[in-house]
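An overview of the molecular structure
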Amino acid sequence: MPLPQIDNMVRPGPSAAPSSPKPSRFGIVHVPFVIVVTLLVVLGLVVVYSATSTNSDYSFSRQAMTVAAGIVAMLVLWRLDYRYLSDFTFLFLIINVVLILSPHLPVIGVEAKGAQSWIKIGIQLQPGEFAKVTVILLAASVMARYGGRLDDPREYVKALGILLVPFLCIMTQPDLGTGLVYLFIGATAMVAGGARPKFLLVTLGAGVAAIAALLFVDELLKVQDENGVWQYKLLKNYQRNRLLVFLNPDADTSGSGYNLRQAQIAIGSGGLFGKGLMQGTQASLNFLPEAPTDFIFCVLAEELGFVGVVVLLTLYALLVVICFRIARSASDMFGMLLVMCCTGMWLFQILENIGMDLGLMPITGIPLPFMSFGSSFMLVNFVMLGMIGSVYAHNGLVGKKGSNG
């Protein structure tokens, strides 16, 4: 089916855009939401400052400026009426494809750490991170058209096909971590959007079978290079090694398992109250790779201890609960799905990032929301905050008994 007809590939439904926009309620905010986010951002800045204080490759001032820019973006989006975005499925799909494939363009495309994931246009950016926002908008727009019930198998396949496009594009870089985030956003939209459980189970089974087939075929296609090292065609060696380390952490503690071992040492050495800010040794002595980004949780655990970890997890739990309440009380499907997809993405990244540090999940490059160093991802977090704030401000929640909950 030609791409321009994609908007018609989902069952038509009533438009979520208001005929006459309501006045903005930006002056009235969800106070618990703002407090929790503020505490998370402040805690993240403190830990990043500590992690970057002995590492000249990272600039804390850049992180602080990104937070300032993010706050501005959040306030602008909070004021806008999110409902006008509900009918642009095709546009979101095109933006996703352009963003995700832009690192392949000559001149601006930049390869780093084995992946073609960056562009350089004066500053270096990761378009795949910004595409998380348009993936969320795409998923919410597609599933909102079904009005909370998707029980036609043909329509399910059409919606699934649309939502798989960003994943297929990101795998051309390849960036499996970000691809998994896209998949989880799509899965969240389908579950919250009313897709039949039977369809979801069949899709999950097909996904597991596809992964098994991929590994089997990759094993058949492997060849030895001139140094006698096996080279795989479909998965890169470092991706397979991460999976093997997850299955057997002690298999190669000086090679692929080094990151996991150092992460666990950092977490365990923090004790109850930690060693104190900028007193941690794993990051400052460069034992812990990528401390300000992928392993920022380990820095927090070592320097602030179990108490610091409990504080962080409590703030995350409060953020998720508040967002669920905002989603549940939204006045339309698109708004509900928008908040659920944002929350689902955060929840997945929290579980994956912390889980990989503990050896409970495979090691990926998925950052920790509001904590990890990185301009692209931090801006994305604030954009998502603005969208959630817009849903709250424009769906009448603030008018219900004056409650902020």
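The following refers to the structure shown. (Residues numbered from 1 in each chain as written. Predicted model: local features only at pLDDT ≥ 70, side-chain atom pairs only at ≥ 80, totals over all residues. Heavy atoms only, no water.)

**Section: unusual backbone geometry**
In this model, Gln-173 is joined to Pro-174 through a cis peptide bond whose omega is -10°. Assignment of secondary structure puts Pro-174 in the loop between helix H5 (153–170) and helix H6 (176–192). Look at Glu-290: it is not a glycine, yet its phi comes out positive at around 50°. Residue placement: Glu-290 occurs in the loop between helix H10 (281–284) and helix H11 (296–328). Given a relative accessible area of 27%, Glu-290 falls into the partly exposed group. Although it is not a glycine, Phe-370 adopts a positive phi angle of roughly 65°. Within the secondary structure layout, Phe-370 lies in the loop between helix H12 (333–358) and helix H13 (375–394). (Helix = DSSP H or I, 4+ residues; strand = E, 2+ residues; numbered from the N terminus. Buried < 20%, exposed > 50% of the residue type's maximum accessible area, 1.4 Å probe, protein only.)

**Some remarks on the packing of aromatic side chains**
Overall, the coordinates contain eight aromatic pairs when judged by the stated rule. Ring plane angle 80° and centroid distance 5.1 Å describe the contact between Tyr-58 and Phe-373, whose orientation is recorded as edge-to-face. Placement of the pair is Tyr-58 in the loop between helix H1 (31–52) and helix H2 (60–79) and Phe-373 in the loop between H12 and H13, with a sequence separation of 315 residues. For Tyr-58, a relative accessible area of 18% translates into the label buried. On the accessibility criterion, Phe-373 (11% relative accessible area) is buried. Aromatic side chains Tyr-82 and Phe-334 sit 6.2 Å apart centroid to centroid with 15° between the ring planes, which places their arrangement in the stacked category. Taken as a pair, Tyr-82 in the loop between H2 and helix H3 (89–101) and Phe-334 in helix H12 lie far apart in primary sequence, 252 residues in all. (Phe/Tyr/Trp six-rings, centres within 6.5 Å; stacked < 30°, edge-to-face > 60°.)

**Concerning the pattern of salt bridges**
Under the counting rule described, the total for this entry stands at seven salt bridges. For Asp-151, the salt bridge goes to Arg-149, with nearest N and O atoms at 2.8 Å. Arg-149 sits in the exposed class, given a relative accessible area of 56%. (Salt bridge = Lys/Arg side-chain N within 4 Å of Asp/Glu carboxyl O.)

**A closer look at a nonpolar patch on the surface**
Residues Leu-214, Phe-216, Val-217, Leu-220, Leu-221 and Leu-234 make up a contiguous nonpolar surface patch of roughly 540 Å² in combined accessible area. Along the polypeptide, Leu-234 turns up in the loop between strand S5 (230–231) and helix H8 (237–247). (Patch = residues over 30% accessible without salt bridge, like charges linked within 9 Å, V, L, I, M, F, W, Y side chains within 5 Å. Areas by Shrake-Rupley, 256 points an atom, 1.4 Å probe, with all protein chains shown as cover.)

**A closer look at the sheet that holds strand S3 (residues 123–125)**
Here we have three strands laid out as an open sheet, ordered S1-S2-S3, and antiparallel in their pairing. Two strands close off the open sheet at either side, each with one partner strand: strand S1 (109–112) and S3. Looking at each pair of strands side by side, their axes are set apart by 40° on average, direction ignored. Where S1 and strand S2 (residues 115–121) come together, three bridges link them in antiparallel fashion. Bridging from a neighbouring strand, Gly-109 pairs with Ile-119 of S2. (Pairing = 2+ DSSP bridges. Axes fitted to C-alpha atoms, helices over the stretch in contact; angles between N-to-C directions.)

**Quick word on the packing of helix H9 (residues 258–269) against H12**
H12 packs onto H9 with a crossing angle of 95° between their chain directions and a minimal axis gap of 7 Å. Viewed along their axes, H9 and H12 adopt a mutual orientation that is roughly perpendicular. Contacts between H9 and H12 involve Leu-260, Ala-263, Gln-264 and Ile-267 from the first element and Met-356, Asp-357 and Leu-358 from the second. Residue composition of the contact of H9 with H12, by class: five nonpolar, one polar and one charged. (Parallel < 35°, antiparallel > 145°, perpendicular 65-115°, else oblique. Contact = heavy atoms within 4.5 Å. Nonpolar A, V, L, I, M, F, W, Y, C, P; charged D, E, K, R; others polar.)

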